[in-house]
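# Descriptive structure summary
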Amino acid sequence: MFETLHQRRYLIPFNAARLPQQFTDVLVIGGGVAGLRSAIAAADAGVDVLLLTKDTIGESNTWYAQGGIAAVLQPLDSYQSHVDDTEKAGAGLCDDEAVNIVIKEGPERVLELLTWGAKFDKKEGNPHDLAFTMEGGHSFARIVHAFGDATGKELAQTLINTVRGRERIRISEKSFAIDLISDGGGERDRCLGAIAVIDGQTQIIWAKRTILASGGAGQLYRESTNPKIATADGHAMAFRAGATLRDMEMVQFHPTTLYVAGASRALITEAVRGEGALLVDRHGHRFMPAYHESAELAPRDVVSRAIIEQIRKTHFTHVYLDVRHLPGGQFRERFPQLAKLLDEFDIDSSKDLIPIHPAAHYMIGGVDVDPMGRSSLAGLYAVGEASCSGLHGANRLGSNSLLEGLAFGARAGLDAAQAAQSEAVHFPLKLEHKIPASTKTELDITDVKSSLRSLMWRNVGIERAGAHLEETREIIAFWTRYVMDKTFLPATLGEAATAGWEIQNMLTVCALISTAAHARTESRGVHFRTDYPRRDDAHWRMHLLWQRPLETPIPQPIAAPL
Ligand code: FAD
Ligand code: SIN
């Protein structure tokens, strides 16, 4: 069905000998929490690092994070409690080792940020003088935050400043990685760097080790909390290069984004519910207690589905967050960014209800990695949202993502640096790749992109059904025949080529998500099938692993007991 997609190894033809070539020990693709933390770890281990970001370094999911970072930092909290909460949300698909790594190493990674200058919100008398908040699925208020609801900006800025202080790290912004380069010289393939457009010029970057930290996939959906950069480039690049991807059907939807027609879906942090906000429908009825014992603080998948159900029952377009009962001024003081956003829409949270609707938020599936962040393709690591470490299982607990980026970033960076120091790597400097000219008509890329995002939201969103998934796959397969056979050349198209590569990446990953969602005939965590509404541990306590050129993912049973 997806032949054109599976046949495509590189998005552009190239002859390495004719292109400018750069060399580095470690190449990091991505400048969010995971990429920045990896780069610091690699540089501190004594190697040279080149870090690429497709936009400016501030444009990342990390920058926009609101709620905070979950970490066990208080004596009454415990690792076991955080582990249990994470695994409960993960619905049987978490990897115990990954969970233990992140939860035990995470607190040290968070405290280290304080020594690098991070200004987290404080409460005197608390451990480390830090203020902690609560979020859905957590059984303890263990979320550290900054400037109320601007945790991501403070975290990113702290890491960027630290990176800028490391002489061994070179940052190249507005540099689009098109593909990972792999070659085995007749032996097993290994990743040898990337082909990227830097300063408007196509270049080959030869790297002894490559760390993919390219973030998420929110832009695959019409309703999304993610910034424009989140087009799943890394997932698609890794797939083309032959790395194994895992659990691609698992996409997390955030229950509460501001619903104002015509405006983009700005996130309203879960911490708002952690501080006491209620969810009510158009009749002012508080509905969450009827859906889950933890009401507004139930896991995200439960809250998102409950909202969709309540919207259906009340024949309306959205529901509301109600913070009117919070003591005067508390909302504005605790969530200053959000208060400002609501002001822009003349919503006075002390008097008005806040209209909200769920949206695509976090890509759980990704490049399958081991406890050091190593992928199945030699030389390639993946960290953060581009990876699937097993921490989140079938549903991610709020505020565990930044923690994962810190913990796995530090591990992968160190391991990559040590490997780069200890092993000689041969770069095939004359590598060449040809692509036959397309014989098919052209489709309007902008049109395909917006239709694809609507299709994914409609059929591969919070609720999924076999027939709609099959129809989605057929439509995507049709588009791939006309889009995946094209080459978008920077020499002729300039910056416009980027939009071409992004839609090729988006189509690739949408094909993977919808096919995996079709294959998993059960409901688990964020994956809800209306035609298979029950969790089926007897048949489906499995991961779905996928490697090109296989047409479908392969189930892999989980050995550990529940
Ligand atoms: P990102 O931070 O998204 O960084 C990706 C990087 O890759 C960018 O620098 C980008 O330029 C680069 N890149 C991508 N493609 C290419 C390419 N082709 N070439 C070159 N560079 C490329 N999680 C929490 O734990 N707590 C929170 O409070 C929280 N709040 C959130 C709020 C919002 C609005 C959003 C969207 C997410 C939130 N999350 C939160 C999730 C969390 O922010 C992300 O999962 C996490 O930041 C991902 O980090 P990352 O380093 O993997 O990717
Ligand atoms: C939020 O602040 O609600 C987002 C937290 C997260 O995605 O982890």
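This report concerns the structure included in the present document. Since the structure is predicted, the reported quantities are computational estimates derived from the model, not experimental observations.

Our next topic: the pairing of strand β12 (residues 251–258). Buried residues dominate β12, accounting for eight of its eight residues. In terms of strand pairing, β12 meets strand β15 (residues 354–363) through six bridges, oriented antiparallel. Looking at β15, one finds that Q252 is bridged to Y362.

A word on the site of ligand 1. For ligand 1, the set of nearby residues contains 40 residues, the closest of which are G31, T62, G68, E385 and S401. Here an oxygen atom of ligand 1 sits 2.8 Å away from a polar atom, N or O, in the main chain of G31. Within the backbone of V33, an N or O atom sits 3.3 Å from an oxygen atom of ligand 1. The fraction of the free accessible surface of ligand 1 (1000 Å²) that becomes covered by protein chains is 98%. Elements with a minimum of two residues in the shell around ligand 1: α2 (33–44), α3 (61–64), β8 (176–183), α7 (233–241), β15 and α12 (400–422). Looking at the shell around ligand 1 residue by residue, the class counts come to 14 nonpolar, 20 polar and six charged.

What follows deals with the packing of α2 against helix α6 (residues 151–164). For any two helices packed against each other, one specifies the crossing angle of their axes together with the interaxial distance. At a closest axis distance of 10 Å, the pairing of α2 and α6 adopts a crossing angle of 30 degrees. Taken together, the axis directions place α2 and α6 in an arrangement best described as roughly parallel. At the point where α2 passes α6, the crossing takes the left-handed sense. Facing V33, L36, R37 and I40 of α2, the residues of α6 in contact are L155, A156, L159, I160, T162 and V163. Of the residues in the contact of α2 with α6, the class split is eight nonpolar, one polar and one charged.

Within the open sheet, the three strands sit side by side as β4-β6-β5. Their pairing is antiparallel. The open sheet has two free edges, formed respectively by β4 (69–70) and β5 (132–133), since each of these has just one partner strand. Where β4 lies against strand β6 (residues 143–144), two bridges are found, and the strand directions are antiparallel. For A70, the partnering residue across the bridge sits in β6 and is I143.

Summed over all chains, the structure comprises 39 salt bridges. A salt bridge links R305 to D301; its shortest N-O distance comes to 3.4 Å. Remark: D301 and R305 occur in helix α9 (residues 300–313); sequence separation between them is four residues, near one turn of the helix. Take D301: its relative accessible area is 12%, and that puts it in the buried class. Between R324 and D322 there is a salt bridge; the shortest N-O distance is 3.0 Å. Classification of D322 as buried rests on a relative accessible area of 10%. Linked by salt bridges that have partners in common, R246, D247, E249, D368, R520, E522, R524, R535 and D537 make up one network.

A separate point is the sheet that holds strand β20 (residues 542–546). Pairing is mixed in the open sheet, where five strands are placed in the order β18-β16-β11-β20-β21. Looking along the sheet, the strands with just one partner apiece sit at the ends: β18 (387–388) and β21 (554–557). Summarising the sheet, strand β11 (residues 245–246) and β20 pair through two bridges and their orientation is antiparallel. By the bridge assignment for β20, L245 is matched with W546. Packing against the sheet, helix α16 (residues 496–519) makes contact with β11 and β20, and its axis sits at approximately 145 degrees to β20.

Here the focus is the nonpolar core. Core analysis: the biggest nonpolar cluster contains 84 residues, and L220, Y221, L452, I476, W501 and I513 have the highest contact counts within it. The element best represented in this core is α16, accounting for twelve residues. Beyond its immediate stretch of four places on either side in the chain, W501 contacts L11, I12, F176, I178, V197, F488 and P490. Counting 55 residues, the second largest nonpolar core, distinct from the first, contains V28, V33, A42 and A98.

Neighbouring ligand 2 are the residues Q66, G67, H254, L267, T269, E270, R300, H361, R396, G398 and S399. At a separation of 2.8 Å, an oxygen atom of ligand 2 approaches a polar side-chain atom of H254. A distance of 2.6 Å separates an oxygen atom of ligand 2 from a polar atom in the backbone of E270. Bound to the protein, ligand 2 loses 92% of the 260 Å² it would expose on its own. Its residues assigned to classes, the shell around ligand 2 shows one nonpolar, seven polar and three charged.

A word on the packing of aromatic side chains. Using the criterion set out here, one finds ten aromatic pairs in the structure. Seen in terms of ring centroids, Y10 and F14 are 5.0 Å apart; in terms of plane orientation they differ by 85 degrees. Their pairing is edge-to-face. As far as burial versus exposure is concerned, Y10 and F14 are alike and both buried. Ring geometry for F331 versus F335: centroids 5.4 Å apart, planes at 50 degrees, classification tilted. What links up through ring pairs into an aromatic cluster is the set F23, W206 and F427. Sitting above the plane of the Y10 ring, R9 keeps its charged end 3.8 Å from the centroid.

The residue after R548, namely P549, is reached through a cis peptide bond having omega 10 degrees. Along the chain, the position of P549 falls in the loop between β20 and β21. The backbone phi angle of F147 is positive, close to 45 degrees, even though this residue is not glycine. Relative to the helices and strands, F147 resides in the loop between β6 and α6. Accessibility expressed as a relative area gives 47% for F147, which makes it partly exposed. Backbone geometry places D199, a non-glycine residue, at a positive phi of 50 degrees. Looking at the secondary structure, you find D199 in the loop between β9 (190–198) and β10 (201–212).

Scoring rules and cut-offs
Residues numbered from 1 in each chain as written. Chains lettered and ligands numbered in written order. Predicted model: local features only at pLDDT ≥ 70, side-chain atom pairs only at ≥ 80, totals over all residues. Heavy atoms only, no water. Buried < 20%, exposed > 50% of the residue type's maximum accessible area, 1.4 Å probe, protein only. Helix = DSSP H or I, 4+ residues; strand = E, 2+ residues; numbered from the N terminus. Pairing = 2+ DSSP bridges. Near = heavy atom within 4 Å. Polar contact = N/O pair within 3.5 Å; in protein donor to acceptor, adjacent residues only side chain to side chain. Areas by Shrake-Rupley, 256 points an atom, 1.4 Å probe, with all protein chains shown as cover. Nonpolar A, V, L, I, M, F, W, Y, C, P; charged D, E, K, R; others polar. Axes fitted to C-alpha atoms, helices over the stretch in contact; angles between N-to-C directions. Parallel < 35°, antiparallel > 145°, perpendicular 65-115°, else oblique. Left-handed = near helix turned anticlockwise from the far one by under 90°. Contact = heavy atoms within 4.5 Å. Salt bridge = Lys/Arg side-chain N within 4 Å of Asp/Glu carboxyl O. Core = buried A, V, L, I, M, F, W, Y, C linked by side-chain atoms within 4.5 Å. Phe/Tyr/Trp six-rings, centres within 6.5 Å; stacked < 30°, edge-to-face > 60°. Lys NZ or Arg CZ within 6 Å of the ring centre and 35° of its normal.

Honestly, it's all geometry; don't read function into it.
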